[in-house]
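Tertiary structure, described
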Amino acid sequence: MCQLFLVSAYRTIEIDGHRVPQTGPLLVVANHQSFLDPPAIGVAGRPRHFDFIARGGLFDNPAFARLISACNSIPIREEGGDAAAMKEALRRTAMGRAVLVFPEASRTKDGATQPFKRGVAVLIRRANCPVVPAGIEGAFDAWPRSSTLPRLLGQRIAVAFGEPIPHAELKAMPPDDAMQRLQGEVEKQRERASDALLRATRGRRPTTAGA
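So, how was this worked out
Residues numbered from 1 in each chain as written. Predicted model: local features only at pLDDT ≥ 70, side-chain atom pairs only at ≥ 80, totals over all residues. Heavy atoms only, no water. Helix = DSSP H or I, 4+ residues; strand = E, 2+ residues; numbered from the N terminus. Buried < 20%, exposed > 50% of the residue type's maximum accessible area, 1.4 Å probe, protein only. Contact = heavy atoms within 4.5 Å. Areas by Shrake-Rupley, 256 points an atom, 1.4 Å probe, with all protein chains shown as cover. Salt bridge = Lys/Arg side-chain N within 4 Å of Asp/Glu carboxyl O. Phe/Tyr/Trp six-rings, centres within 6.5 Å; stacked < 30°, edge-to-face > 60°. Lys NZ or Arg CZ within 6 Å of the ring centre and 35° of its normal. Core = buried A, V, L, I, M, F, W, Y, C linked by side-chain atoms within 4.5 Å.

1. Comments concerning the overall build of the protein
- The number of helices and strands found in the protein is 8 helices and 7 strands.
- Burial analysis of the protein (211 residues in total) assigns 49% to the buried set.
- The contacts of the protein with a sequence gap of at least 6 include a subset with a gap of at least 24, amounting to 73%.
- For the protein, the accessible area works out to roughly 10,300 Å², and carbon and sulfur atoms hold 54% of it.

Right under this line is the structure:
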């Protein structure tokens, strides 16, 4: 259902989805523009299925909680550390699953990528698996944080994937350096997604293209 909606409503553009390993434990790290990010990245990375970490407040609405729970989401507290969420994410990667993480922790307010939270470095160090950087563009225009409902007309979304980064490379780096490396890689992919949107829309510039 998500695939049909994203493809029909936003004609999601996928760039280098073949870079997503189809088997084995995996973390996918991406920028966070809107509620559309998890399904859009999931559609672009198919046939691999992604579990994803979602902030606990999203589970306050029973109907929405059922929806994202059906998509194998992992709730995490918005303030302070959440050992239970960390353990669950690690448990799922140990099972050979792919977990999608948004290191900004919340949706951007203006479309620009916010600084990555340092706590994600702990998950990356313990997961003992490769990390794929992903960049999404267009989702902020389609459903900005200030809007209650998504915009369904005239919007396009693009998702680009980078090459998997071996676990050993990131583990060998100080946590802050590892986060800086990941944010830089995610931004490269976001820029590739932005360029793809510019070509697909004949030059209509996404809100975040110059952010």
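2. As for the pattern of salt bridges
- Counting across every chain of the model gives 13 salt bridges.
- The shortest N-O distance in the salt bridge between K188 and E185 comes to 3.7 Å. Here the residue K188 and the residue E185 both occupy positions in helix α8 (residues 175–200), the gap between them amounting to 3 residues, near one helical turn.
- Note on K188: relative accessible area 47%, which makes it partly exposed.
- Its salt-bridge partner being E187, residue R190 comes within 3.2 Å of it at the nearest N-O pair. Residue R190 and its partner E187 are located together in helix α8, separated by 3 residues, close to a single helical turn.
- On the accessibility criterion, E187 (18% relative accessible area) is buried.
- Among the charged side chains, a network of salt bridges with common partners joins D51, E88, R91, R92 and R97.

3. Here we look at the environment of A121
- Its location among the elements puts A121 in helix α5 (residues 120–127).
- Here the alpha-carbon distance between A121 and K171, two residues 50 residues apart in the chain, equals 8.8 Å.
- For A121, the residues in contact, after removing those within four places along its chain, are P175 and M179.

4. Quick look at the environment of L123
- Checked against the element boundaries, L123 lands in helix α5.
- Put simply, L123 and M86 are 37 residues apart on the chain and 6.7 Å apart in space, counted from C-alpha to C-alpha.

5. Some remarks on the side chain of H167
- With respect to the helices and strands, the residue H167 is situated in helix α7 (residues 167–171).
- Those residues in contact with H167 that sit more than four places away from it in its chain are I124, R125, N128, C129 and P130.

6. Considerations on unusual backbone geometry
- Geometrically, the link from R46 to P47 is a cis peptide bond, its omega value of 10° lying close to zero.
- You can see P47 is positioned in the loop between α2 (37–44) and β3 (50–55).
- One non-glycine residue with positive phi stands out, namely R11, at about 45°.
- Tracing the chain through its elements places R11 in the loop between α1 (2–10) and β1 (13–15).
- We note that N128 has phi near 55°; this positive angle belongs to a residue other than glycine.
- Locating N128 in the fold gives a position in the loop between α5 and β6 (131–137).
- Of the residues examined, N128 reaches a relative accessible area of 57% and is grouped as exposed.

7. Quick look at the packing of aromatic side chains
- Under the criterion given, the structure shown has 1 aromatic pair.
- Here the aromatic rings of F35 and W143 are separated by 5.3 Å at their centres, their planes lie at 75°, and the arrangement is edge-to-face. Of this pair, F35 sits in the loop between β2 (26–30) and α2 while W143 sits in the loop between α6 (139–142) and β7 (158–161), and the two are 108 residues apart along the sequence.
- Note on F35: relative accessible area 26%, which makes it partly exposed.
- Judged by its relative accessible area of 13%, W143 falls in the buried class.
- Over the ring of F35 we find R107, and its NZ or CZ is 3.9 Å from the ring centre.

8. Things to note about the nonpolar core
- Among the nonpolar cores identified, the biggest contains 26 residues, and I41, L100, I157, V159 and F161 are the most heavily contacted of them.
- Those elements giving two or more residues to this core turn out to be α1, β2, α2, β3, β5 (98–101), β6, α6 and β7.
- By residue number, the principal contributor to this core is α2, which donates 4 residues.
- For V159, the residues in contact, after removing those within four places along its chain, are I13, E14, I15, A40, I41, A44, G135, I136 and A193.
- Listed in part, the 23 residues of the second largest apolar core include I74, L90, A127 and A178.

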